[in-house]
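Here's the letter readout for the chains.
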Amino acid sequence: VGKSQDDACNPLFGVWTTSNKIDGPLAWERMALAMDAGQTQLATHLETYLPASQKPIAREWREVYRDPTRLKDLNRYRAWGNQAKPLVKTGMARLVRKNAAMALQLWPRYEWTFAFNADEKSVILKELAFVVGANYADNADYWLAQALQYETNTDLAPLAVRNSLRKKDWTRVRALLALVEESPTDEAEWRYWAARSTENVPAL
């Protein structure tokens, strides 16, 4: 888990440590969970269990958490190859909230450099799309479409609908409404916009 455990667990952790059962891969896995949860102090502690080759990445991971603009230097991370992917994921999620323009500029370069799988792309693109979509940026439609390629069952679809409504892009509204999961509280709203889009889009 990505958070500290109850003090009652300390005796067990002590035995585990002295038995040398906490190996590098296990420590790395928990450190990744800690970084995802913003628990940098726990991540610092877990670094002691990593092999020497991974400790520089662990330290840089925390630096990027504190200052995500460090992602400007792509070459700093290229040498680590795919080991740097979790670090990039953390950094992009924080950078888009600090400097969305920079994050949107850097992401295509990182996407091209690293072999991100569909799940990893989904996480990063959802962060990017949500911020630009919530701010109704001019390029929001593009980034929302990029994110929705990988994950449709999220709150991104309603956000994409609302961005298209602001532009009165009824064809796009009609297409996006098919991705919206209706809830009892929103059902009337989406039925209304479905009817409006039908009125404004010529029949095929």
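Each remark here, short or long, concerns the structure printed above.
Residues numbered from 1 in each chain as written. Predicted model: local features only at pLDDT ≥ 70, side-chain atom pairs only at ≥ 80, totals over all residues. Heavy atoms only, no water.

**Details of the packing of helix 8 (residues 118-134) against helix 10 (residues 156-166)**
Phase 1 of the analysis: Where helix 8 contacts helix 10, the axes come no closer than 10 Å and their chain directions differ by 35°. Classified by chirality, the crossing of helix 10 by helix 8 is left-handed. Of the residues in helix 10, those in contact with K126, A129, F130, G133 and A134 of helix 8 are L156, L159 and N163. (Axes fitted to C-alpha atoms, helices over the stretch in contact; angles between N-to-C directions. Helix = DSSP H or I, 4+ residues; strand = E, 2+ residues; numbered from the N terminus. Left-handed = near helix turned anticlockwise from the far one by under 90°. Contact = heavy atoms within 4.5 Å.)

**So, the pattern of salt bridges**
In a structure, side chains of opposite charge can pair up when their charged atoms sit close to one another.
Phase 1 of the analysis: Summed over all chains, the structure comprises 14 salt bridges.
Phase 2 of the analysis: A salt bridge links R59 to E47; its shortest N-O distance comes to 3.0 Å. Taken as a pair, R59 in helix 4 (residues 55-66) and E47 in the loop between helix 3 (40-46) and helix 4 lie far apart in primary sequence, twelve residues in all.
Phase 3 of the analysis: Across the pair E111 and K121 runs a salt bridge, and its minimum N-O distance is 3.5 Å. Linking E111 in helix 7 (residues 100-113) with K121 in helix 8, this pair joins segments that are ten residues apart in sequence.
Phase 4 of the analysis: For E111, a relative accessible area of 26% puts it in the partly exposed group.
Phase 5 of the analysis: Taking the relative accessible area as the measure of exposure, K121 reaches 18% and is therefore buried.
Phase 6 of the analysis: Look at the salt bridges and you will find they share partners, linking E47, R59 and R62 into a network. (Salt bridge = Lys/Arg side-chain N within 4 Å of Asp/Glu carboxyl O. Buried < 20%, exposed > 50% of the residue type's maximum accessible area, 1.4 Å probe, protein only.)

**Structural notes on unusual backbone geometry**
For residues besides glycine, phi is generally negative; the peptide bonds are generally trans as well.
Phase 1 of the analysis: Of note in this structure, Y136 is not a glycine but carries a positive phi near 50°.
Phase 2 of the analysis: Of note, Y136 is situated in the loop between helix 8 and helix 9 (140-148).
Phase 3 of the analysis: The class for Y136 is partly exposed, based on a relative accessible area of 30%.

**Focus: the packing of aromatic side chains**
Phase 1 of the analysis: Tallied over the entire structure, the rule returns eight aromatic pairs.
Phase 2 of the analysis: With a centroid separation of 5.4 Å and 50° between ring planes, the pair formed by W28 and W61 is classed as tilted. Of this pair, W28 sits in helix 2 (residues 24-36) while W61 is found in helix 4, placing the two residues 33 residues apart along the sequence.
Phase 3 of the analysis: For W28, a relative accessible area of 16% translates into the label buried.
Phase 4 of the analysis: The interplanar angle of 65° and the centroid separation of 6.0 Å between the aromatic rings of F114 and F116 together place this pair among those described as edge-to-face.
Phase 5 of the analysis: A connected cluster of aromatic rings, assembled from ring pairs, spans W107, Y110, F114 and F116.
Phase 6 of the analysis: Over the ring of Y65 we find R94; its NZ or CZ atom is 3.7 Å from the centre of that ring.
Phase 7 of the analysis: If you follow R166 out to its NZ or CZ, it ends over the ring of Y136, 4.1 Å from the centre. (Phe/Tyr/Trp six-rings, centres within 6.5 Å; stacked < 30°, edge-to-face > 60°. Lys NZ or Arg CZ within 6 Å of the ring centre and 35° of its normal.)

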